[in-house]
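Descriptive structure summary
Residue-level listing of the chains:
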Amino acid sequence: MIKNNIMLGEQKNYDIITLVIIMKKIKNLKLISTLVLVPAGIFILELWVEHDSDIFYRDFLSWILKWHFMHVPVIYIIFFISIMYLIIQFSLAEKKEKISQIENTNTELLNKINNLEEKQNNYAKLLWKNHKELTGIKQDEILAETIHKYLVNTPKVQAVQIYKHTSQYFNNHIKTKINYVNGFADENVNINSITQAYHKLEVIFYDEFKECINTINSFGSDGNVDLDEVINTVSKFINTYISKLTDKDIDDITLDDANTYAVFNLTLDKLYSTIDDDLNLSILDNQELQDKLNSYKVELFNSILLEDIYMFSYEKEDSSQGKHNRLYVSFPIEYSDEQQRLLLSFDSTTVSTEEAVSLTSSLHSSIENSLVKWYNVNKILEEGA
Amino acid sequence: MIANKEYITKKLQDSFKNNSAISIKVKSANLKEASNFSKVINSNKVNLRKLIIK
């Protein structure tokens, strides 16, 4: 509708331009006529005033009247043309006024159309924004409901926590920020969460680690890569960077060193995972240094680095509740354009590692099914609307 | 070639023999009994891929 109006407006503009050109031509003609007719009129008036009326009629007017064009005196023709010219001028003035009015109306209408289009765009943007927000809220609700329901029906799972993470490059480092998003716990379970944590690694080190993981993955997926080649890549990587830790005094060890050490462990874990064997490795000869590096909590960061399913455990003494033997499984989830991780907690005295993986897989399927169901219902509703 | 933990461990130990700071040792084969451990799960084998929700 608006498009048709615009097309009509364009047609009107075209007509107006044509009329303006005609008007300009007439204006030029008018100027020429004025330049010729006015001096001629003044000249005739001068003759009349300077001479007697009889002489004027006899000598001059009769002289003028004797000029004929197709048997009609030229003066009559000039007189007739002048009258016609006046009539045309009056009618054109009227037309001009109407054209000016149409031009004004047209401009007003175009302005109104532009304003309406702008409003329509703003409404559409607002509507889309609200739709996205509502969709996000609904997704959050479904995710929370699914996890809660799963937790109630699966007593072997003690808690499920959601973390989001973002990474940023700065000063040759990659910095990862981890934030707690939401969590659900079973009755009578004490569970801690990491509200916010930062971990950083040197970019060159991180890139080489990623290369190692890709080489291991290639070996695991198609078998075209030779195992010796994979082991060489891993050992070369560790040999190159291990001095960063071993050359340091134990008292100078920081979280950054624990992150570096975690990467070595992760690389070796990943290598052994290709043969799917349960292992608990130690890398360093210096047990004290190893204990110090293990004292930092970097497991969640490990799972983020790995971008895959990851399992870890803690044995912790609690003054009020005794010993906690906790087993954790974490898996990645890309949710609402954010990178997130679900972290499941189990009691390692009652749940085996295999069972923990199986229970995690079950939650994975429940979330997927709930959201797929919701998407389908939403799609049907959208198509019906 | 049969890929097993002994083979991988042996190869790694050989490659680190010139670096006295590194000592690859398998502490425990049973993770459940280990006090603190971490383990990469082979996601291809447990069919647990990254969940993408958009």
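Refer to the preceding data block for the structure.
Quick summary incoming for the structure in this document.

When helices and strands are tallied, chain A shows ten helices and nine strands. Within chain A, the proportion of its 385 residues that are buried is 36%. Taking all contacts inside chain A whose residues are at least 6 apart in sequence as the whole, residues at least 24 apart take part in 59%. Of the roughly 23,600 Å² of accessible surface on chain A, a fraction of 56% belongs to carbon and sulfur atoms.

In this section: the interface of chain A and chain B. Chain A puts 61 residues into the contact, and the matching count from chain B is 43 residues. Both faces considered, chain A and chain B share a buried interface measuring about 5,100 Å² in area, 58% of it formed by carbon and sulfur atoms. A per-residue breakdown of the area chain A buries against chain B is headed by A:Asp278, A:Asn280 and A:Glu334, which together make up 13% of the total. The partner of A:Asp228 in a salt bridge is B:Lys11, with the nearest N and O atoms 3.9 Å apart. Linking chain A to chain B there are ten residue pairs in polar contact (both at pLDDT 80 or more). Breaking the side of chain A that touches chain B down by element, the ones donating at least two residues are helix H5 (227-241), helix H7 (255-273), strand E6 (280-284), strand E7 (310-318), strand E8 (322-335) and helix H10 (353-384) of chain A. Take the side of chain A that touches chain B: its biggest share by element is nine residues, from H10(A). Partitioned by chemical class, the residues of the side of chain A that touches chain B number 30 nonpolar, 18 polar and 13 charged.

Residue and element names in this part refer to chain A. Tallying each qualifying case throughout the model produces eight aromatic pairs over all chains. Seen in terms of ring centroids, phenylalanine 205 and phenylalanine 237 are 5.2 Å apart; in terms of plane orientation they differ by 25 degrees. Their pairing is stacked. Note that phenylalanine 205 is positioned in helix H4 (residues 203-222) and phenylalanine 237 in helix H5, a separation of 32 residues in sequence. For the pair shown, phenylalanine 205 and phenylalanine 237 are each scored as buried. Over the aromatic face of tyrosine 198 sits the side chain of lysine 175, whose NZ or CZ is 5.0 Å from the ring centroid.

A separate point is the side chain of A:Thr353. Within the fold, A:Thr353 resides in helix H10. Exposure remark for A:Thr353: the relative accessible area of 8% places this residue in the buried category.

For the rest of this paragraph, the subject is the pattern of salt bridges. All names here are of chain A. Applying the stated criterion to the full structure yields ten salt bridges over all chains. Ionic pairing is found between lysine 164 and glutamate 338, a salt bridge with its closest N-O pair at 3.6 Å. With lysine 164 in strand E3 (residues 157-170) and glutamate 338 in strand E9 (residues 338-347), the pair connects residues that are 174 residues apart, well separated along the chain. With a relative accessible area of 30%, lysine 164 lands in the partly exposed category. In this structure, lysine 210 engages glutamate 307 in a salt bridge whose closest nitrogen and oxygen atoms are separated by 3.1 Å.

Attention now moves to a negative patch on the surface. A contiguous patch of negative charge on the surface is contributed by A:Asp249, A:Asp251, A:Asp252, A:Glu288 and A:Asp291. Tracing the chain through its elements places A:Asp251 in the loop between helix H6 (243-246) and H7.

What follows concerns the packing of H7(A) against helix H8 (residues 287-294) of chain A. When two helices pack together, their arrangement is given by the angle between their axes and by how far apart the axes lie. Residues and elements named next belong to chain A. Close contact between H7 and H8 brings their axes to 9 Å; oriented N to C, the two are set at 105 degrees. Taken together, the axis directions place H7 and H8 in an arrangement best described as roughly perpendicular. Across the interface between the two elements, Asp257, Ala258 and Tyr261 from H7 touch Gln290, Leu293 and Asn294 from H8. Classifying every residue of the contact of H7 with H8 by side-chain character gives three nonpolar, two polar and one charged.

This part takes up the side chain of A:His199. Residue and element names in this part refer to chain A. For histidine 199, the location among the structural elements is in strand E5 (residues 196-202). A relative accessible area of 5% means that histidine 199 is categorised as buried. At a separation of 2.9 Å, a polar atom in the side chain of histidine 199 contacts the side chain of asparagine 259. Excluding residues that lie within four positions of it along the chain, histidine 199 makes contacts with Ile174, Lys175, Thr176, Ile178, Leu255, Asn259, Lys297, Val298 and Phe301.

A word on the packing of H7(A) against helix H9 (residues 299-306) of chain A. Residues and elements named next belong to chain A. Two elements in contact, H7 and H9, have axes whose closest approach is 10 Å; the angle formed by their N-to-C orientations is 55 degrees. In terms of their interaxial angle, H7 and H9 are classed as oblique. Crossing of H7 over H9 shows right-handed handedness. Here Asn259, Ala262, Val263, Leu266 and Lys270 of H7 lie close against H9, whose contacting residues are Phe301, Asn302, Leu305 and Leu306.

Attention now moves to the pairing of E3(A). All names here are of chain A. Looking at chain direction, E3 and E9 are connected through seven bridges and run antiparallel. Counted as the bridge partner of alanine 159 is serine 345 from E9. Note: E3 against strand E4 (residues 173-185), twelve bridges, orientation antiparallel. Paired with isoleucine 162 across the strands is asparagine 182, a residue of E4.

Criteria and thresholds
Residues numbered from 1 in each chain as written. Chains lettered and ligands numbered in written order. Predicted model: local features only at pLDDT ≥ 70, side-chain atom pairs only at ≥ 80, totals over all residues. Heavy atoms only, no water. Helix = DSSP H or I, 4+ residues; strand = E, 2+ residues; numbered from the N terminus. Buried < 20%, exposed > 50% of the residue type's maximum accessible area, 1.4 Å probe, protein only. Contact = heavy atoms within 4.5 Å. Areas by Shrake-Rupley, 256 points an atom, 1.4 Å probe, with all protein chains shown as cover. Buried area = accessible area lost by both parts, 1.4 Å probe. Salt bridge = Lys/Arg side-chain N within 4 Å of Asp/Glu carboxyl O. Polar contact = N/O pair within 3.5 Å; in protein donor to acceptor, adjacent residues only side chain to side chain. Nonpolar A, V, L, I, M, F, W, Y, C, P; charged D, E, K, R; others polar. Phe/Tyr/Trp six-rings, centres within 6.5 Å; stacked < 30°, edge-to-face > 60°. Lys NZ or Arg CZ within 6 Å of the ring centre and 35° of its normal. Patch = residues over 30% accessible without salt bridge, like charges linked within 9 Å, V, L, I, M, F, W, Y side chains within 5 Å. Lys, Arg positive; Asp, Glu negative; His and termini not counted. Charge placed at Lys NZ, Arg CZ, Asp CG, Glu CD. Axes fitted to C-alpha atoms, helices over the stretch in contact; angles between N-to-C directions. Parallel < 35°, antiparallel > 145°, perpendicular 65-115°, else oblique. Left-handed = near helix turned anticlockwise from the far one by under 90°. Pairing = 2+ DSSP bridges.

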